[in-house]
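Descriptive analysis of the structure
What follows is the residue order along each chain.
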Amino acid sequence: MVSFVNFVSLALALASTASAFPAYGSLAGLTREQLDVILPRLEFKQPTPPPGPPKDTGVKLINDAAHPWKAPGPSDIRGPCPGLNTLANHGYLPRNGVASPAQIITAVQEGFNMENSFARFVTYSAHLIDGNLVTDLLSIGQATNETGPAPPAPALAAGLDTHALFEGDASMTRADAYWGDNHSFNQTLFNELMSFMDKYGNGRYNLTVASEIRWQRIQDSMSTNPTFGLIMPRFFTAYAETTFPINFFVDGRMTGTRSLSKEDAQYFFQRGQFPDGWHRHGVPSSTEGMDTVVNAHPIRPGSNTKGVNTYTADPTSADLSPEQFCLIYVNFVNRSVKSLYPNPTGVLLKVLNINLQWLYDSISEQCPGQQQFPYGNSTTQ
Ligand code: HEM
């Protein structure tokens, strides 16, 4: 029971939180008291349904005159994802870095030819945790003039920088949250990535480089980060992301086995910029090649439980075997979403159910009959 004095100071703190609360701030993990103050001040936006696959999925000039690169301004938001940063810097996403899930799906399809159901799966997973479901807005990180560590969940306005679930440890070009900045381009890590391109890929990024840098970054975090964690859904994204430079960043006009040059890697990872004349790949893609990376150095999902070098497998986390794919979804909904939104009511319940439905729709073909209903079986409550 909070005392009267505590209650008054809590109410004052909440009032100032609410007045500063941005429309894209995530509501995940907020207390009932916080929600009661913040929700009435948000403008409800009926969520836009997810776009379907585009008609044209061929090779196409993307770095065109209508989408010039512009450096983000001080209040523009950028984050840990080089793909989304690039789309925002070229105006395929709003340049302020705040977008609806539907805008993100359209942009990743148009700019990078990301396959439709995969784009929906990734976007609604991220939005359910890091976005604002009531305003239908997700921020791709934090304003570039905001420095310092991103707060862990519940985070009011860190968007994709939020260190939990989606953003995670052992990234290729971003440091672990334990070291402070989990979202900015890290030159030291990029230098290591380039040295791996020399050592394993004749100066280019390919699946061998992806496999070795993935393993190196995991071992590095295991031995230096006492809080290192690699459980679902991060376990999935950590592997999936190592295929993205090949599946999405390589110019679509390249023939033969796809691989990325150091120069082009620098464009995307560091500057968030399409190289001159860059064309997207002519085949809708997702995580092709991930099995190779996973099988090169197999490891179970887990974490350092008692400091560095105490990595312990977590038997309750799904792994990446094909038969466990649906368990990623089941656990995500029943554990992650439900724990961050334990008792939603009213408009929040309504938008949670809508977004959960769209998440399931994205994988319903692979997981028939496995839809989860953490808040009951209706989108009309
Ligand atoms: C569809 C919506 C997308 C969302 C919500 C999303 C979100 C994220 C997030 C949160 C991270 C940080 C994970 C970490 O801790 O490393 C990340 C990393 C990454 N993303 Fe995205 N992303 C999306 C699409 C894309 C696309 C289309 C591309 C490529 C064109 C891409 C390429 C990458 C890469 C390469 C990384 C790894 C960065 C590194 O390890 O240094 N993403 N993304």
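The residue count restarts for each chain, going from 1 along the sequence in the order it is written. In view of the model being predicted, local features appear only for residues whose pLDDT reaches at least 70, and side-chain atom pairs are presented and counted only at 80 or more, with totals across whole chains, interfaces and linings using the full set of residues. Note that the side-chain values use all heavy atoms of the structure and ignore hydrogens as well as water.

Looking at an unreviewed UniProt entry, one finds the protein named Cloroperoxidase, with Macrolepiota fuliginosa MF-IS2 as its source organism. UniProt positions are given in the numbering used here, feature names are shortened, and annotations may be inferred rather than shown by experiment. Note on the protein: under the UniProt heading Sequence similarities (unreviewed entry), the record states "Belongs to the chloroperoxidase family."

Okay, the coordination of the iron atom of the ligand next. For Na, K and Ca the donor cutoff is 3.2 Å, while for all other metals N, O and S atoms count as donors only within 2.8 Å; water does not appear among the atoms, so some sites may look incomplete. Exactly one protein atom donates to the iron atom of the ligand; that atom is Cys81 (SG), 2.3 Å from the metal. Structurally, Cys81 is set in the loop between strand E2 (77-78) and helix H3 (82-89). Each helix is a run of DSSP H or I of at least 4 residues and each strand a run of E of at least 2, with the numbering of both proceeding from the N terminus.

A few words now on the state of the cysteines. The disulfide criterion is simple: two cysteine sulfur atoms within 2.5 Å. Scanning all chains against the criterion turns up one disulfide. A disulfide bridge connects Cys326 with Cys367, and the sulfur atoms are separated by 2.1 Å. Disulfide Cys326-Cys367: the torsion about the S-S bond is -95°, which places it as left-handed. Placement of Cys326 in helix H11 (residues 325-340) and of Cys367 in the segment after helix H12 (346-363) is noted, with a sequence separation of 41 residues between them. One exposure class covers both Cys326 and Cys367, and it is buried. Relative accessibility thresholds used throughout: buried, under 20% of the residue-type maximum; exposed, over 50%; partly exposed, between the two (1.4 Å probe, protein chains only).

This paragraph deals with the site of the ligand. In these notes, residues near a molecule or strand are those with any non-hydrogen atom within 4 Å of it. Taken together, 26 residues form the shell around the ligand, and within it Cys81, Gly168, Ser171, Met172 and Thr173 come nearest. In this structure, Arg234 approaches the ligand through a side-chain N or O atom, which is 3.4 Å from an oxygen atom. Grid points spaced at 1 Å and placed over the protein atoms alone form the basis of the search, with a cavity being a set where a 1.4 Å probe fits but cannot get out and a pocket an open set showing protein on both sides within 12 Å along at least five of seven lines. Lining residues have an atom within 4 Å of a point. Any molecule with more than half of its atoms within 2 Å of a cavity's or pocket's grid points is regarded as sitting in that cavity or pocket. Structurally, the ligand is housed in the largest cavity. Residue polarity is assigned by list, with Asp, Glu, Lys and Arg as charged and Ala, Val, Leu, Ile, Met, Phe, Trp, Tyr, Cys and Pro as nonpolar; anything else, Gly included, falls into the polar class. Residues belonging to the shell around the ligand are distributed by class as follows: 17 nonpolar, five polar and four charged. Pairs of N or O atoms are called polar contacts if they sit within 3.5 Å, as long as, within protein, a hydrogen donor faces a hydrogen acceptor (for residues adjacent in sequence, only side-chain-to-side-chain pairs).

Grouped burial of nonpolar side chains is what soluble globular proteins tend to show. Core analysis: the biggest nonpolar cluster contains 97 residues, and Leu27, Tyr205 and Tyr341 have the highest contact counts within it. Sort the elements by how many residues they give to this core and H12 lands first, with 10 residues. The residues touching Tyr341, leaving out its near neighbours within four places in the chain, are Ser26, Leu27, Ala28, Leu128, Gly131, Leu133, Leu348, Leu352 and Tyr375. In this description, a nonpolar core means a group of buried Ala, Val, Leu, Ile, Met, Phe, Trp, Tyr and Cys residues linked to one another through side-chain atoms lying within 4.5 Å. Working rule for contacts: check all heavy atoms of both residues, and any pair within 4.5 Å makes them a contact.

Further remarks concern the pattern of salt bridges. A pair is scored as a salt bridge if a Lys or Arg side-chain nitrogen falls within 4 Å of a carboxyl oxygen belonging to Asp or Glu. A complete count under the given rule lists nine salt bridges for this structure. Residue Asp220 is joined to Arg217 by a salt bridge in which the shortest nitrogen-to-oxygen separation is 2.8 Å. Of this pair, Asp220 and Arg217 both sit in helix H7 (residues 207-224), three residues apart, which is roughly one turn of that helix. Of the charged contacts, one joins Asp251 and Arg253 as a salt bridge, the two residues approaching to 2.9 Å between their closest N and O atoms. Residues participating in the shared-partner salt-bridge network are Asp56, Lys60, Glu110 and Arg280.

Let's shift gears to unusual backbone geometry. Backbone torsion omega between Met232 and Pro233 reads 0°, so that peptide bond is classified as cis. Its place among the elements puts Pro233 in the loop between strand E7 (229-230) and helix H8 (234-249). Although it is not a glycine, Asp136 sits at a positive phi angle of roughly 65°. Here Asp136 is to be found in the loop between helix H5 (116-130) and strand E4 (138-139). Residue Asp136 is classed as buried on the basis of its relative accessible area, which comes to 2%. The backbone of Asn309 shows a phi angle near 60°, a positive value even though the residue is not glycine. Tracing the sequence through the fold places Asn309 in the loop between strand E10 (302-304) and strand E11 (311-313). Taking relative accessible area as the criterion, Asn309 reaches 57% and is therefore assigned exposed.

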